[in-house]
Amino acid sequence: METSRRTVIAAAAAGLTAATIGTAHAAGGKKPVRELFGKLADGTKVHRWSLENGGTRLKVLSYGGIVQSLEIPDRHGRYRNIALGFGDIDSYVASSPYFGALIGRYGNRIGKGRFTLDGTDHQLSVNDGVNSLHGGAKGFDKRVWDVEGFSSGSGVGLVLHYTSVDGEMGYPGTLRAKVTYTLTRHGDWRIDYEATTDKATVVNLTSHVYWNLAGEGSGSIYDHELEIAASRYTPVDSGLIPTGELAKVAGTPFDFRRTKTVGRDIRVAHQQLLYGKGIDHNWVLDKGITAKPEHVATLRDPSSGRTLTIASNEPGLQFYSGNFLDGTLVGTGGHIYRQGDALCLETQHFPDSPNHPSFPSTVLRPGQTYRTSTVHSFGV
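Structure report, in brief. Per chain, residue numbering runs from 1 following the sequence as it is written. Per-residue local features are limited, in this predicted model, to residues with pLDDT of at least 70; the limit for side-chain atom pairs, both in listing and counting, is 80 or more; totals at the level of whole chains, interfaces and linings are taken over all residues. Only heavy atoms go into the side-chain values, all of them from the structure, while hydrogens and water stay out.

## Looking at the packing of aromatic side chains
When two rings of Phe, Tyr or Trp (its six-membered ring) have centres within 6.5 Å they constitute a pair, described as stacked for plane angles under 30 degrees, edge-to-face for angles over 60, and tilted for the intermediate range. One pass over the structure, following the stated rule, counts 20 aromatic pairs. Consider the rings of Phe99 and Tyr210, whose centres lie 4.8 Å apart with planes at 85°: the pair is edge-to-face. Taken together, the positions of Phe99 in the loop between α2 (89-95) and β6 (101-103) and Tyr210 in the loop between β16 (206-208) and β17 (225-228) put the pair 111 residues apart, joining distant regions of the chain. Think of it in three bands: residues with accessible area under 20% of the maximum for their type are buried, residues over 50% are exposed, and the middle band is partly exposed, with areas taken using a 1.4 Å probe on protein chains only. Given the relative accessible area of 2%, Tyr210 is considered buried. Ring plane angle 70° and centroid distance 5.2 Å describe the contact between Phe140 and Tyr162, whose orientation is recorded as edge-to-face. Of this pair, Phe140 sits in the loop between β10 (132-133) and β11 (146-152) while Tyr162 sits in strand β12 (residues 155-164), and the two are 22 residues apart along the sequence. On the basis of relative accessible area, Phe140 is assigned to the buried category, the value being 2%. Secondary structure follows DSSP: runs of H or I at least 4 residues long count as helices, runs of E at least 2 residues long count as strands, and numbering of each begins at the N terminus.

## Things to note about the sheet that holds strand β3 (residues 56-61)
The 5 strands are arranged β1-β2-β3-β4-β5 in an open sheet whose pairing can be described as antiparallel. A single partner strand is all that each edge strand has here, and the edge strands are β1 (30-39) and β5 (79-81). Between one strand axis and the next, the sheet turns by 15° as a mean value, whatever way the strands run. At least two DSSP bridges between two strands are needed for those strands to be called paired. For β1 and strand β2 (residues 45-53), the ladder comprises 7 bridges, and the chain directions are antiparallel. Counted as the bridge partner of Val33 is Ser50 from β2. Lines fitted to C-alpha atoms define the axes, with helix axes restricted to the stretch in contact, and inter-axis angles between N-to-C directions lie between 0 and 180 degrees.

## A word on the layout of surface pockets
Cavity and pocket criteria rest on a 1 Å grid covering protein atoms alone: a 1.4 Å probe that fits but cannot get out defines a cavity, protein on both sides within 12 Å along at least 5 of 7 lines defines an open pocket, and an atom within 4 Å of a point defines a lining residue. Grid points are joined across faces, edges and corners, and a volume is the space filled by probe spheres set on the points. Considered as a void within the structure, the largest pocket measures approximately 500 Å³ in volume. Contributing to the lining of the largest pocket are 26 residues, with Pro97, Tyr98, Arg109, Leu133 and Phe324 lying nearest its centre.

## Observations concerning the pattern of salt bridges
Counted as salt bridges are all cases of a side-chain nitrogen of Lys or Arg within 4 Å of a carboxyl oxygen of Asp or Glu. According to the stated counting rule, one finds 15 salt bridges in the structure shown. In this structure, Glu35 engages Arg48 in a salt bridge whose closest nitrogen and oxygen atoms are separated by 2.9 Å. Of this pair, Glu35 sits in strand β1 while Arg48 sits in strand β2, placing them 13 residues apart in sequence. The exposure class of Glu35 is partly exposed, given its relative accessible area of 33%. A salt bridge links Asp265 to Arg264, with the nearest nitrogen and oxygen atoms 3.4 Å apart. Judged by its relative accessible area of 16%, Asp265 falls in the buried class.

## Focus: empty space enclosed by the protein
The gaps left among the atoms become clear once a water-sized probe is rolled over them. Scanning all chains against the criterion turns up 3 cavities of 30 Å³ or more. There is about 60 Å³ of room inside the largest cavity. Lining the largest cavity, in full, are Tyr63, Ile66, Tyr92, Val93, Ser96, Tyr98, Phe99, Ala101, Asp141 and Lys142.

## Some points on the nonpolar core
Each nonpolar core is a collection of buried residues, namely Ala, Val, Leu, Ile, Met, Phe, Trp, Tyr and Cys, held together in the definition by side-chain atoms within 4.5 Å. One finds Leu70, Trp189, Ile228 and Phe319 to be the most contacted residues of the largest nonpolar core, which totals 59 residues. The element best represented in this core is strand β13 (residues 175-183), accounting for 5 residues. For Ile228, the contacting residues outside a window of four places in its chain are Phe256, Arg257, Trp283, Leu285, Val296, Ala297, Leu317 and Phe319. One finds Val46, Leu61, Leu84 and Tyr98 within the second-largest nonpolar core, a separate group that totals 22 residues. Note on definitions: a residue-residue contact is assigned when non-hydrogen atoms from the two residues lie within 4.5 Å.

That is the geometry; function is a separate question.
As structure tokens, then:
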């Protein structure tokens, strides 16, 4: 009898042996558990929430909505944490390259930290050379969110709230953000983003988990197999700001329409790879903006058998191959993180969209509600 991916995960969640996997059923979710993780310099408490459902174990911090760890079993039912992170709050505050964080107000880069909206110029916080990256020097990843746990029906999860005041990091309007993390009975991790504003603004929320399906600290992800459902990508200049072109991936190292290993073409002498010191680019998803999450990418680690399948209603996917991990950070497992030890697959609108009228709009106006969803499905 062939063992399904869901059955292996369910068996691992129930603590069953390989001999009994064939008859295992999905385990029920557990009520979210909160504990003190640490304190910021001003005394603000940071809590960690632990969730478990369908064989997936998730730990989330109130600081930055950070996914500190996400554990799933391999083909033999053995659990590993597959998300890079730190073991203490001080490390996140001091030196985190957005490990596991919620990103806002604007995921990715805005050229020179400037944009014009309804005839008014806005200057944002600049924190990436001359550009603004991931919301500025103190984006949503560095804020303490209000968090509530829930257990309802077949899902367990967290509802996170943060209010970004008018002018924060240079953005206009008071933005009220709500993000819901749900673990389903199948072990999927779903993210639902919502936001409203009292003035016209721009918004582009995403999640910045660094994935290594073999386990964090296990080494390079260059042997991971990746497929992205996109025929075009957005080339960048030397500052990693899109030129405005929607270039074909055919005949380039950026062609992942058919599954290939992450490292196969990553050292090809291509100008775009030189700019990014590897891959740090946005893919223009073939499906475009959709009403419901649709498939955008699949990642697989041959050694463990673990797979990650991503569905979203967003039009873009930023694939970052961990190029700037430089051996100066020590992760949760006590290992040093080096270049290529993880990758990010960030569902979002395109970088620098406020300065490219031809890109899908990221403008949000009073009376409108920003909504987007991404689903991460795990298997073996």
